[in-house]
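Structural overview
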Amino acid sequence: MTTRIEHLVTSGQFSLDGGTWDVDNNVWIVGDDHEAIVIDAAHDADAIAEAVGDRRLTAIVCTHAHNDHIDAAPALAERTGATIWLHRDDLPLWKQTHPDREPDAWLVDGQTIEAGGADLRVLHTPGHAPGAVCLHDPGLGTVFTGDTLFQGGPGATGRSFSHFPTIIDSIRDRLLALPPETTVRTGHGESTTIGAEAPHLEEWIARGH
């Protein structure tokens, strides 16, 4: 059975540090005809469940715990029986959105989440958030970067729980070490490749994103 990557865009709001902004989020569904994983259950549990269809949803993997990436996760888990995965370092952020419902399992650097022929290796990439992770599947030639790396630069680090030097270290040491042809599928906006972003590292540092 062929493993495939499906892309859904959902819309809602991101709130942190007293501010609220309208956002469009990328939701990624990885799997085959029988089972799948959702990466970042954003905003609309019904739309995500409809995209999953009658496949067994085994995991909802959160790249980090900003509300716009996790707000639909509990409802989707309740509807499908899927396990919600989060890195433990992002639990304080998670509790801002879901104070009465903890994740079901903790992501650990180096572990692999498997379903529907996908083998998603967890890369802990703090900076945008303490527990931010990326998910690399060498067989699919893809890394799902959440808000750690976008087309054109690193994720934002101007709000609480974030740190610019840390995100630069994460990108340099963990992501730019991947093959240059690796497709970067982001939490917002267009996809890119490792090779397209790697030459700009020093420019990002100089700009002090």
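Residues numbered from 1 in each chain as written. Predicted model: local features only at pLDDT ≥ 70, side-chain atom pairs only at ≥ 80, totals over all residues. Heavy atoms only, no water.

All right, on to the packing of aromatic side chains then. Summed over all chains, the structure comprises two aromatic pairs. Measuring from centroid to centroid gives 5.6 Å for phenylalanine 14 and tryptophan 21, while their planes differ by 25°, and the two rings are stacked. Assessed through its relative accessible area of 10%, phenylalanine 14 is described here as buried. For tryptophan 21, a relative accessible area of 35% translates into the label partly exposed. (Phe/Tyr/Trp six-rings, centres within 6.5 Å; stacked < 30°, edge-to-face > 60°. Buried < 20%, exposed > 50% of the residue type's maximum accessible area, 1.4 Å probe, protein only.)

Inspection of the entire model under this criterion finds one cavity of 30 Å³ or more. Here the largest cavity defines a volume of roughly 50 Å³. For the lining of the largest cavity, a count of residues per class yields three nonpolar, six polar and one charged. (1 Å grid on protein atoms, 1.4 Å probe; cavity = no way out; pocket = protein on both sides within 12 Å on 5 of 7 lines; lining within 4 Å. Points joined across faces, edges and corners; volume = space filled by probe spheres on them. Nonpolar A, V, L, I, M, F, W, Y, C, P; charged D, E, K, R; others polar.)

A few words now on helix 3 (residues 73-80). Those residues of helix 3 not exposed but buried are Ala73, Pro74, Leu76 and Ala77. Here the buried residues of helix 3 occupy an arc of 165° about the axis, which is enough to place them on one side. The exposed residues of helix 3 that point more than 90 degrees off its buried face are Glu78 and Arg79. Contacts from the buried residues of helix 3 go to strand 3 (35-39), helix 1 (45-52), strand 4 (56-61), helix 2 (67-70), strand 5 (83-87) and helix 4 (91-97). Within two residues after helix 3, glycine 81 carries a phi angle of roughly 80°, on the positive side. (Helix = DSSP H or I, 4+ residues; strand = E, 2+ residues; numbered from the N terminus. Arc of directions from axis to C-beta. Contact = heavy atoms within 4.5 Å.)

Another aspect to go through is the sheet that holds strand 14 (residues 192-193). Reading across the sheet, the six strands line up as 7-8-9-10-13-14 and stay open at both edges, with mixed pairing between neighbours. Taken across any chain shown, the strands that pair with only one partner, and hence form the sheet edges, are strand 7 (112-115) and strand 14. Pairing analysis gives three bridges linking strand 9 (residues 133-137) to strand 10 (residues 142-146), with the strands arranged antiparallel. Each residue of the ladder has a partner; that of aspartate 137, found in strand 10, is threonine 142. The sheet contacts of helix 5 (residues 164-175) involve strand 8 (118-124), strand 9 and strand 10, and relative to strand 8 the element is tilted by about 140°. (Pairing = 2+ DSSP bridges. Axes fitted to C-alpha atoms, helices over the stretch in contact; angles between N-to-C directions.)

Before going further, it helps to spend a moment on the packing of helix 1 against helix 3. The geometry of helix 1 relative to helix 3 is characterised by a closest axis approach of 9 Å and an angle of 45° between their N-to-C directions. It follows that helix 1 is oblique to helix 3 by the angle criterion. Crossing hand, helix 1 versus helix 3: right-handed. Counting all contacts with helix 1, which are made through Ala45, Asp46, Ile48 and Ala49, the residues of helix 3 involved are Ala75, Leu76 and Arg79. Among the residues making up the contact of helix 1 with helix 3, the classes are represented as five nonpolar, no polar and two charged. (Parallel < 35°, antiparallel > 145°, perpendicular 65-115°, else oblique. Left-handed = near helix turned anticlockwise from the far one by under 90°.)

Without other data, these values stay purely geometric and don't point to any function.
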